[in-house]
Amino acid sequence: MQQVSSLYIHFPFCRHLCNYCDFFKNKLTEGQQVVDFEKRLKVQLDENKILLKDQECELSSLETIYIGGGTPSLWSERGAEFLEKNLLANLKLKDGHEFTIEVDPGTWTPSEVKKWLKIGVNRFSIGIQSFDSKFLKILDREHTMEEATDLLSYLKSEDFNYSVDLMLGLPDSEVIKRNIKSEIDELIKYNPSHFSVYILKTRKNYAHSSILPSEEYIAKEYIDVCNYLASKGFEQYEVSNFSKPGYESKHNKKYWQYNSVAAVGDNASGLLVKQDSAIRYQWKSVGAGCSKEVLTESSLLIEMIYMKLRAGGMLNIDFFQGDNKHAFEGLLDRWKSLGYIKKLVDGDICLAAEGYLVLDSLMDDIFRDLSL
Ligand SMILES: C[S@@+](CC[C@H](N)C(=O)[O-])C[C@H]1O[C@@H](n2cnc3c(N)ncnc32)[C@H](O)[C@@H]1O
Ligand code: SF4
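Note that the structure is a prediction, hence the values are computed from the model and not measured.

### Regarding the overall build of the protein chain
Along its length, the protein chain carries 13 helices and 17 strands. Its C-alpha atoms give the protein chain a radius of gyration of 21 Å, near enough to 21 Å, the size a compact globule of 372 residues would have. Dimensions of the protein chain along its principal axes, counting C-alpha atoms only, are 55 × 55 × 40 Å. By the burial criterion, 51% of the 372 residues in the protein chain qualify as buried. Intrachain contacts of the protein chain at a sequence separation of at least 6 include 69% that bridge at least 24 residues. Computing the positive centroid from 45 side-chain charges and the negative centroid from 55, the protein chain places the two 3 Å apart.

Put into structure tokens, the structure is as follows:
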């Protein structure tokens, strides 16, 4: 039996649906929705065991758990009680585990936090997005600056380990001249150990499409932020992730190292990686049951390269052999000359911010020059 030691749980509700968000979620209007969700989750936890067993895998004691959403902080105390009874009663947390929950400002109280700490939560991911009220409004966020500062002050006063989510490329930011560095300066005063920084992705019918900044502006903003966070002691260890030394997200690293991560919750997707194959499964959005996809050897290889390349130091030159290795070394020389490589130590590749920015075109180079 292969032991799987990471679990993702998706909580699919928010108090308000932000107009840019594509994650699976519904508006929470009545308590019954959560009751029904918990019923589905119980079934999924049972079905997950069978699914893993069919693949000769089992959830062993857990090294990482990540509760994402939606807005899992809305699950409140009952969520902690549910998991205590239905998950953690049978499954232990390993020493040195990481247990993260996503929290939106204004959706949590200190007494609820305490309940989650009791069941082993030791890391919080906070959806700040912008630390400027003008952009919170443009972004259609429900939370206020006051709610954000209240939550951050609390996390600081308790000396909790937490990450801040920020978004770049915001509508009107080029015209209004968003001062992202001063937002970061203000946030650092609250002592986060980690930042996740995402460039806003939008669909065609996005309400503010006409006032999005230019590509050049976004590229410069991203590189400025990467450099600025580095100057403040937050090392970039993935396209969107920056941490103080020793505070990288262990759970996210599992994805980038292409390790197995089980998943439960509406629409959540898990991955089981075997020696030469992998299975991705996704729970239905409503009701139990999931779809399964067996990854072919070549799609497995491509996904692995992509995941490893986006995280600093995870892709080694020796991952390739023969002609492919030779072709890859040629690409590395070109990428180096273009300033895309930050470090190359013992064959481990670490991209520079300029490289992360063009990650898709680096993958195109790989498709063109290597036979995968
Ligand atoms: C799925 S959300 C859940 C967290 C929480 N509900 C919140 O909104 O703060 C996780 C993160 O994804 C990012 N995100 C959501 N929609 C995005 C988009 N369209 N483009 C880029 N990042 C996005 C935000 O930074 C958000 O904090
Ligand atoms: S609160 Fe978070 S998950 Fe919910 S709609 Fe907004 S960005 Fe998406």
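### Section: helix α2 (residues 76-86)
Among the residues making up α2, those that are buried are Ser-76, Gly-79, Ala-80, Phe-82 and Leu-83. Taken end-on, α2 shows its buried residues confined to a sector of 160 degrees, consistent with a single buried face. In this structure, the buried residues of α2 make contact with β1 (2-11), α1 (31-54), β4 (57-69) and α3 (110-118).

### Re the environment of Asp-22
Tracing the backbone through its elements, the reader meets Asp-22 in the loop between β2 (13-14) and β3 (26-27). A residue is classified by how much of its surface remains accessible, and Asp-22, at 55% relative accessible area, is exposed. Distance from Asp-22 to His-208, taken between C-alpha atoms, is 15 Å for residues 186 residues apart in sequence. Side chain to side chain, Asp-22 and Arg-203 meet in a polar contact 2.9 Å long.

### Concerning the environment of Arg-40
Looking at the element boundaries, Arg-40 is found in helix α1. Overall, Arg-40 belongs to the buried group, its relative accessible area being 19%. Distance from Arg-40 to Gly-289, taken between C-alpha atoms, is 9.6 Å for residues 249 residues apart in sequence. Discounting chain neighbours no more than four positions away, the residues touching Arg-40 are Phe-13, Asp-266, Val-286 and Gly-287.

Criteria and thresholds
Residues numbered from 1 in each chain as written. Chains lettered and ligands numbered in written order. Predicted model: local features only at pLDDT ≥ 70, side-chain atom pairs only at ≥ 80, totals over all residues. Heavy atoms only, no water. Helix = DSSP H or I, 4+ residues; strand = E, 2+ residues; numbered from the N terminus. Rg over C-alpha atoms; globule rule 2.2 N^0.38 Å. Buried < 20%, exposed > 50% of the residue type's maximum accessible area, 1.4 Å probe, protein only. Contact = heavy atoms within 4.5 Å. Lys, Arg positive; Asp, Glu negative; His and termini not counted. Charge placed at Lys NZ, Arg CZ, Asp CG, Glu CD. Arc of directions from axis to C-beta. Polar contact = N/O pair within 3.5 Å; in protein donor to acceptor, adjacent residues only side chain to side chain.

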